[in-house]
Amino acid sequence: MKLGLQLGYWQAGPPTNHAELVAAAEESGYDAIFTAEAWGSDAFTPLAWWGRETSRVRLGTSIVQMSGRAPTSIAMHALTLDHLSNGRVILGMGVSGPQVVEGWYGQPFSKPLARTREVVDIIRQVLAREGAVTNDGPHYPLPYNGPGAMGLGKPLKPITHPLRADIPIWLGAEGPKNVAQTAEIADGWIPIFYTPKSAGMYQPWLDEGFARPGARRTRETFEIAATCHLEFTADDGPAKQAVVDGMKPIVALYMGGMGAKEMNFHHQVFTRMGYGDIADEVQRLFLSGQKAEATALIPDELVNDMHIIGTEGYVKERVAEWEATGVTTLLLSARSPEEIRKVAEVLA
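Residues numbered from 1 in each chain as written. Predicted model: local features only at pLDDT ≥ 70, side-chain atom pairs only at ≥ 80, totals over all residues. Heavy atoms only, no water.

1. Observations concerning the nonpolar core
Under the convention used in this document: Side-chain atoms within 4.5 Å are what join buried Ala, Val, Leu, Ile, Met, Phe, Trp, Tyr and Cys residues into a set we call a nonpolar core. For each residue, the accessible area found with a 1.4 Å probe, counting protein chains only, is set against the maximum for its type, and the residue is called buried under 20%, exposed over 50%, and partly exposed in between. For helices the rule is a DSSP run of H or I covering at least 4 residues; for strands it is a run of E covering at least 2, with both sets numbered from the N terminus onward. In what follows, a contact means two residues having at least one pair of non-hydrogen atoms within 4.5 Å.
Membership of the largest hydrophobic core comes to 91 residues, with the highest contact counts inside it found for L91 and M93. Here this core gets eight residues from one element, more than from any other, and that element is helix α9 (residues 265-287). Dropping the residues within four chain positions of it, M93 is found in contact with I63, V64, M66, I74, V119, V120, I123, I169, W170, L171 and G172. Of all hydrophobic cores here, the second largest spans eight residues; its members include A32, I90, W170 and L331.

2. Observations concerning the pairing of strand β3 (residues 58-61)
To keep it simple, the criterion reads: Two strands pair under a simple rule: DSSP has to find at least two bridges between them. The handedness of a crossover follows from its direction of travel: if, with the strands pointing away from the viewer, the path from the first strand over the helix to the second runs clockwise, the crossover is right-handed.
Relative to β3, strand β2 (residues 32-35) runs parallel, the two being bridged by four bridges. By the bridge assignment for β3, A32 is matched with R58. Taken together, β2, helix α2 (residues 44-51) and β3 constitute a β-α-β crossover, and its handedness is right-handed. Strand direction decides the pairing type here: β3 and strand β5 (residues 89-94), joined by two bridges, are parallel. When the bridges of β5 are listed, G60 appears paired with I90.

3. Brief notes about α2
Selection rule: It is the directions from the helix axis to the C-beta atoms that the arc portrays.
Where α2 is concerned, the buried positions are F44, P46, L47, W50 and G51. One side of α2 carries all its buried residues, which in axial view fall inside an arc of 165°.

4. Quick look at unusual backbone geometry
Omega for the peptide link from S62 to I63 comes to 10°, which places this bond in the cis form. Omega for the peptide link from L142 to P143 comes to -10°, which places this bond in the cis form. Take P143: it is sitting in the loop between α5 (112-128) and β6 (169-171). The residue N86 is not glycine, and still its phi comes out positive at about 60°. Unlike most non-glycine residues, S96 shows phi in positive territory, near 60°. When you line up the elements, S96 lands in the loop between β5 and α4 (98-103).

5. Quick notes on the pattern of salt bridges
Inclusion rule: The rule for a salt bridge is simple: a side-chain nitrogen of Lys or Arg has to be within 4 Å of a carboxyl oxygen of Asp or Glu.
Across all of its chains, the model carries 23 salt bridges by this definition. A salt bridge links E231 to R335, with the shortest nitrogen-to-oxygen separation between them at 3.3 Å. One end of the pair, E231, is in strand β9 (residues 230-232); the other, R335, is in the loop between β11 (329-332) and α13 (337-347), and 104 residues separate them in sequence. Residue class for R335 comes out exposed when judged on its relative accessible area of 54%. Among the ionic contacts, a cluster of salt bridges with common partners joins R124, D166, D187, R216 and R217.

6. Things to note about the side chain of H266
What counts here: Pairs of N or O atoms within 3.5 Å make up the polar contacts considered here, provided that, within protein, one atom can donate a hydrogen while the other can accept it, and that residues adjacent in sequence are counted only when both atoms are side-chain atoms.
Summarising the element assignment, H266 is placed in helix α9. Of note is the side chain of H266, whose polar atom sits 3.2 Å from the side chain of E174. For H266, the residues in contact, after removing those within four places along its chain, are E174, I192, F193, Y254 and M258.

7. Remarks on the packing of aromatic side chains
What counts, and what does not: Classification of ring pairs uses Phe, Tyr and Trp, with its six-membered ring standing for Trp, and accepts pairs whose centres are within 6.5 Å; under 30 degrees between planes counts as stacked, over 60 as edge-to-face, and the remaining range as tilted. Lysine NZ or arginine CZ positioned within 6 Å of the ring centre and within 35 degrees of the ring normal marks a charge as sitting over the ring.
Taken as a whole and assessed by the stated rule, the structure comprises eight aromatic pairs. Considering the side-chain rings of F193 and Y254, the 5.8 Å spacing of their centres and the 85° angle between planes classify their relative orientation as edge-to-face. Highlighted residues: F193 in the loop between β7 (188-189) and α7 (199-210) and Y254 in helix α8 (residues 238-257), separated in sequence by 61 residues. For Y254, a relative accessible area of 22% puts it in the partly exposed group. Arranged with centres 5.1 Å apart and planes meeting at 80°, the rings of F210 and F222 form a pair that is edge-to-face. Of the two residues, F210 sits in helix α7 while F222 sits in the loop between α7 and β8 (223-228), which places them 12 residues apart along the sequence. In textbook terms, an aromatic cluster arises when at least three aromatic residues are bridged by ring pairs, as seen for W189, Y194, Y202 and W205. Stacked on the ring of F109, the Lys or Arg R115 has its end atom at 5.4 Å from the ring centre. Taking the ring centre of Y314 as reference, the NZ or CZ of K240 above it sits at 3.8 Å.

8. So, the packing of α8 against α9
Short version of the rule: Inter-axis angles, ranging from 0 to 180 degrees, are taken between N-to-C directions of lines fitted to C-alpha atoms, where helices are fitted over the stretch in contact. Here roughly perpendicular refers to angles of 65 to 115 degrees, roughly parallel to angles under 35, roughly antiparallel to angles over 145, and oblique to all remaining angles. Polar here means any residue outside two lists: the nonpolar Ala, Val, Leu, Ile, Met, Phe, Trp, Tyr, Cys and Pro, and the charged Asp, Glu, Lys and Arg; Gly therefore counts as polar.
Orientation of α8 relative to α9, taken along the N-to-C sense of each, is 90°, at an axis distance of 7 Å. Relative to α9, the element α8 lies roughly perpendicular. From α8, V251, A252, L253, Y254, M255, G256 and G257 reach across to α9, where they touch H266, H267, F270, I278, A279, V282, Q283, F286 and L287. Looking at side-chain class alone, the contact of α8 with α9 contains 11 nonpolar, five polar and no charged residues.

9. A look at the pairing of β8
The buried fraction of β8 amounts to five of the six residues, a majority that puts the element mostly inside the structure. The sheet contact formed by β7 and β8 spans two bridges and is parallel. When the sheet's bridge partners are listed, W189 is paired in β8 with I224. You can see the chain leave β7, run along α7 and come back into β8, and the turn it takes is right-handed. Bridge count for β8 against β11 is four bridges, and the pairing is parallel. Looking at the pairing, A226 lines up with L330 of β11.

Here it is as structure tokens:
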């Protein structure tokens, strides 16, 4: 199992220590660095900036929001960065959610699976550069001949020859249909709440996708990049409990506050994981402004399943459990170069 450094997206301002973190990841043998985007910083620019300071680590997006750019624009970003980095790009994409898609990008959220399939197909056409890029689908028609069109659209193929005709595409997916489609059309999967305890839930969905005609990958060649918080503690008692308690507000945010009450994909995942009653109450409290009360409901068991927190021996055992479920890359955040180096040393 490989290690990835998750740099995430910026908060109110640019982080001040990412240069040090990226250098430590490169030196310590991490396989990749990843960046994200929400409604502030974008995912591609930091990779271009820090990619110049590296020569080995792969450069991944987790994730690019599909509705933020036309599919051909996403392909142009990936094509350009792949040249600049000498073939190190991993293109991670996802549909995001209706609050962001419709509220920030001003695009309709409906039909996310069909839109994903069209986006992936268009990007692969651009990168293959075998002919003019066209699409007959209703979501991203190329050429465009809909309302307001002048009727002069011309099918084009990229001026620049891609360095690689087949840049790895990994998709963020949470629900059964989306996970199955990801296994069918993508090279990898970026789950948000994949854990050893919940791993069995996903296997039939993945198998359905692998079994479809024309599936790109098999289970043996498919990548699963799972995200978790890994932290060493002095003991598996009070010191560990303090870290677990510190993670609970984040879990409560995703369970109850990330999305509308009518459609919160993260809430649905927690329900599938067996925490439906808790998730409903956490959501009710969180959306009513009672965040502390919502946080208090998050059980230790859930945090310990989602994250790896404990002594060195415990961490090694837990990492082995994650790997045994099929995880090929563990995406970890870090606060310091020392943390990055210690993880690499302990797990070597």
